[in-house]
Amino acid sequence: MSAYKTAHLDEIKAEQWPYWAPIRHHFDIGAFGINAWRGTDGDEVIKRHTEAESGQEELFLVMSGRCTFTVDGEDVAAPAGTLVFVTDPSAERVAFAKEPDTLVLSIGAPRGSTYEPSGWDTNYLESS
């Protein structure tokens, strides 16, 4: 058994949702949630949601392209290389791609407590 695993991001796909790369599920990561989201101009790359139930903080990294985040009603321009850290789990967040080939990495976990995968990703992947 190896002490590490590798994959190219293009190898990690949800066949029924080509915009989603379920990284946590692919590697069976248990310490934090992590996914990547792809979109083109106008696509909702980060779905509108809060983390109020899970208590997770989320960090988003725009890896390519450009998008606009709306966090708790405030718009944030986010070109490639931008990090957006949402510290308040109850703050509503959403992001729309503003260019083709936009790619956003999302990482989340609760502060001060053990991360427990909620299983939403597994439920989506196994239900289709």
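This text follows the structure it describes.
Residues numbered from 1 in each chain as written. Predicted model: local features only at pLDDT ≥ 70, side-chain atom pairs only at ≥ 80, totals over all residues. Heavy atoms only, no water.

Concerning the overall build of the chain
How we decide: By the criteria applied, helices consist of DSSP H or I runs no shorter than four residues and strands consist of E runs no shorter than two, each listed in order from the N terminus. For the exposure calls, accessible area comes from a 1.4 Å probe over protein chains only, and a residue counts as buried if that area is under 20% of its type's maximum, exposed if over 50%, partly exposed in between. Contact definition: two residues touch when any of their heavy atoms are within 4.5 Å. Throughout, the Shrake-Rupley method with a 1.4 Å probe supplies accessible areas, and for residues the shown protein chains are the sole cover considered.
What the chain contains, in helices and strands, is two helices and nine strands. Mapped from its N terminus to its C terminus, the chain presents α and β elements in the order β-α-β-β-β-β-β-β-β-β-α. Across its three principal directions, the C-alpha atoms of the chain cover 45 × 35 × 30 Å. In the chain, which comprises 128 residues, the proportion classed as buried is 40%. Sequence-distant contacts, at least 24 apart, represent 67% of the contacts inside the chain between residues at least 6 apart. When the accessible surface of the chain is totalled, it reaches about 7,500 Å², and 50% of it is carbon and sulfur.

Description of a negative patch on the surface
Our working rule: Two joining distances apply to patches: 9 Å for like charges and 5 Å for nonpolar side chains (Val, Leu, Ile, Met, Phe, Trp, Tyr), and every residue must have over 30% relative accessible area and no salt bridge. Salt bridges are defined by distance alone: a side-chain nitrogen of Lys or Arg within 4 Å of a carboxyl oxygen of Asp or Glu. In this tally, Asp and Glu contribute negative charge and Lys and Arg positive charge; neither His nor the terminal groups of the chain are included. The location of each charge is read from NZ of Lys, CZ of Arg, CG of Asp or CD of Glu.
On the surface, Asp 72, Glu 74, Asp 75 and Asp 88 cluster together into a patch of negative charge. Turning to its location among the elements, Glu 74 is positioned in strand E6 (residues 74-79). Given the relative accessible area of 55%, Glu 74 is considered exposed.

Some points on the pairing of strand E8 (residues 93-97)
Spelled out, the test is: Here the rule is simple: two strands pair whenever DSSP picks up at least two bridges between them.
With four of five residues buried, E8 is to be regarded as a mostly interior element. Sheet topology note: the strand E3 (residues 44-49)/E8 ladder contains three bridges and is antiparallel. Bridge pairing in E8 links His 49 to Arg 93. Across five bridges, strand E5 (residues 66-71) lies against E8 in antiparallel orientation. Each bridged residue has a counterpart across the sheet, and for Phe 69 the counterpart in E8 is Ala 95.

Thoughts on the packing of aromatic side chains
Aromatic rings in a pair are described by how distant their centres are and how their planes are angled relative to each other. Operational definition: Any two of the Phe, Tyr and Trp rings considered here, Trp counted by its six-membered ring, make a pair once their centres fall within 6.5 Å; the pair's planes then place it as stacked at under 30 degrees, edge-to-face at over 60, or tilted in between. By the criterion adopted, a ring carries a charge over it if an Arg CZ or a Lys NZ lies within 6 Å of its centre and within 35 degrees of its normal.
Scanning the model with the defined rule gives three aromatic pairs in all. Pairing Phe 60 with Phe 69 gives two aromatic rings, centres 5.2 Å apart and planes at 45°, and the pair type is tilted. For the pair formed by Phe 60 and Phe 69, the shared burial category is buried. Aromatic ring contacts, followed pair by pair, group Trp 17, Trp 20 and Trp 37 into a single cluster. Positioned above the aromatic ring of Tyr 19 is the side chain of Lys 47, whose terminal nitrogen or guanidinium carbon lies 5.3 Å from the ring centre.

Points about the pattern of salt bridges
The tally for this structure, following the rule as stated, stands at six salt bridges. The salt bridge involving Asp 10 is made with Arg 38; its shortest N-O contact spans 3.4 Å. Taken together, the positions of Asp 10 in the segment before strand E1 (20-21) and Arg 38 in strand E2 (residues 33-39) put the pair 28 residues apart, joining distant regions of the chain. Of the charged contacts in the structure, one is a salt bridge between Arg 66 and Glu 99, with a shortest N-O distance of 3.3 Å. A residue pair is termed long-range when its members are at least 10 positions apart, and Arg 66 in strand E5 and Glu 99 in the loop between E8 and strand E9 (102-110) qualify at 33 residues.

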